[in-house]
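Listed here are the chains, written in short residue letters.
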Amino acid sequence: MMEITKTIKCKLIGLTKRKLELLNREYNNFQHYLKTGEDRGVYSATKQQGKRTYRKIKPDKEYPLVIRKDLMDIRKTDNKLAKYWARIPICGVRGGIKAALAHQPFNFEEWEICGSKLVRTKDGEFYLHVTVKKDIELRKEYSSIIAIDLGAKWVGVSVALHRNKPKFYGKRIREVRGKYFWLRRKLGKEKKLKAIKKIGNKEKRIVNDELHKIAKDIVDEAEKHNAMIAIGNLSGVRKNNKGRKVNRKINSIPFYRLKEYIKYKALERGIAVIEVPEHYTSKQCSKCGSMNTKRPSQGLFICLDCEYQINADVNGAKNILKRAVGYMLTAGVVVTQPEGGSRFVLHTPQPPPNGFRWKPLAIARGGGHREVKFLL
């Protein structure tokens, strides 16, 4: 068993004038208390939690109101306005106030609700950031591996042991990025800064939605075919100088965000995600292993030794798949003998040797990043 945590951002909707006044009063008094120590009326448990959470206070910064775990109450209802309602403790109001959470597909009843934070935006809207956790049993056996190469032309290209054809992801993101890049440049020449900020927020929402769809598609496939997911380690990917145009595209793609979405969606379903070294995966031939290769264009890969021609991103994904298999052989599954030696076993679609099965060794928690190692 392993424990995973995530934060759900919920917008408070349908607030009456009275509820909005109470929330603003509590929020403002909380800011004043943190910065001066003077209590103008803040729920006692919120004051205590705030002091524990925020050790250093900056006078010009606004801090989310902290709600302790035992005071956070979210319940499912048949109300037409919203599926879930939250009770928020307010000083001087018995039982606090009940606020509707904007519709979303998340099922709170399947998770343990932990501490939460109430955030006020510059527009005066309130969002509840709810931290939840759940124990997940990581799968002990896998029948396949899906390898993903993250690149400039395509956000992601995947290959897998259970299929012959690659999958390409991110056409929509590429179109959106290109459209808003030229629009920002046009508005910049006209010095319309507010418009630039507005379209930037819209672009971010569209791209974020597409990244979630890509991650879901990959994890759905992994669940269907009982596959482990392998992603290239992207350390240094933004440091490569490949020309002004390509560098702009690489630096504008949210690689880390997509990787994290894949990770947490996979872990929620008990699917392991491993990272493998990505060095030279774009230069090495995935067929013969030669480094005597060339790329006449961004999308074409040619091996000068075996004359293999293939899409460059697909070649990279195939190399990641090979390294993932090698990783599982040499580092992923380890049995330490009493005398200090080790033997390594690769788990393939065939039955494991001598009845051995995969077992989770360790999960490193924190900040959404989780490494998974395996011990046989």
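See the structure above.
Residues numbered from 1 in each chain as written. Predicted model: local features only at pLDDT ≥ 70, side-chain atom pairs only at ≥ 80, totals over all residues. Heavy atoms only, no water.

### Comments concerning the packing of aromatic side chains
The final tally for this structure, using the stated rule, is 8 aromatic pairs. Taking the centre distance of 5.1 Å and the plane angle of 80 degrees together, the rings of Tyr-84 and Phe-108 count as edge-to-face. A residue pair is termed long-range when its members are at least 10 positions apart, and Tyr-84 in strand 4 (residues 84-90) and Phe-108 in the loop between strand 5 (93-101) and strand 6 (112-120) qualify at 24 residues. In this structure, Tyr-84 and Phe-108 share a single accessibility class: buried. Relative to Phe-168, the ring of Trp-154 lies with its centre 5.1 Å away and its plane at 50 degrees, an arrangement referred to as tilted. (Phe/Tyr/Trp six-rings, centres within 6.5 Å; stacked < 30°, edge-to-face > 60°. Helix = DSSP H or I, 4+ residues; strand = E, 2+ residues; numbered from the N terminus. Buried < 20%, exposed > 50% of the residue type's maximum accessible area, 1.4 Å probe, protein only.)

### What about the pattern of salt bridges?
The tally for this structure, following the rule as stated, stands at 21 salt bridges. The closest approach of N and O atoms between Glu-125 and Lys-11, which form a salt bridge, is 3.1 Å. Placement of the pair is Glu-125 in the loop between strand 6 and strand 7 (126-136) and Lys-11 in strand 1 (residues 2-13), with a sequence separation of 114 residues. Lys-69 is paired through a salt bridge with Glu-112; the nearest N and O atoms lie 2.6 Å apart. In this pair, Lys-69 is assigned in the loop between strand 2 (65-67) and strand 3 (73-76) and Glu-112 in strand 6, connecting sequence segments 43 residues apart. Since its relative accessible area comes to 40%, Lys-69 is described here as partly exposed. (Salt bridge = Lys/Arg side-chain N within 4 Å of Asp/Glu carboxyl O.)

### What about the sheet that holds strand 15 (residues 309-311)?
Here we have 3 strands laid out as an open sheet, ordered 13-14-15, and antiparallel in their pairing. Here the strands that pair on one side only, and so sit at the sheet edges, are strand 13 (293-297) and strand 15. For this sheet, the mean inter-axis angle between neighbouring strands, taken without regard to orientation, is 30 degrees. Two strands pair when backbone bridges link them, and strand 14 (residues 300-303) and strand 15 are joined in this way by 3 bridges, in the antiparallel orientation. Within strand 15, the residue paired with Leu-300 across the bridge is Asn-311. (Pairing = 2+ DSSP bridges. Axes fitted to C-alpha atoms, helices over the stretch in contact; angles between N-to-C directions.)

### A word on the nonpolar core
Of all hydrophobic cores here, the largest spans 91 residues; its most connected members are Leu-12, Ile-74, Ile-88, Leu-101, Phe-108, Leu-128 and Ile-229. The greatest single-element share of this core, amounting to 9 residues, is contributed by helix 4 (residues 193-224). Apart from residues lying up to four places away in sequence, Ile-74 is in contact with Tyr-84, Trp-85, Ala-86, Leu-101, Phe-108, Ile-113 and Val-130. (Core = buried A, V, L, I, M, F, W, Y, C linked by side-chain atoms within 4.5 Å. Contact = heavy atoms within 4.5 Å.)

From the geometry alone we can't say anything about function, so treat these as descriptive.
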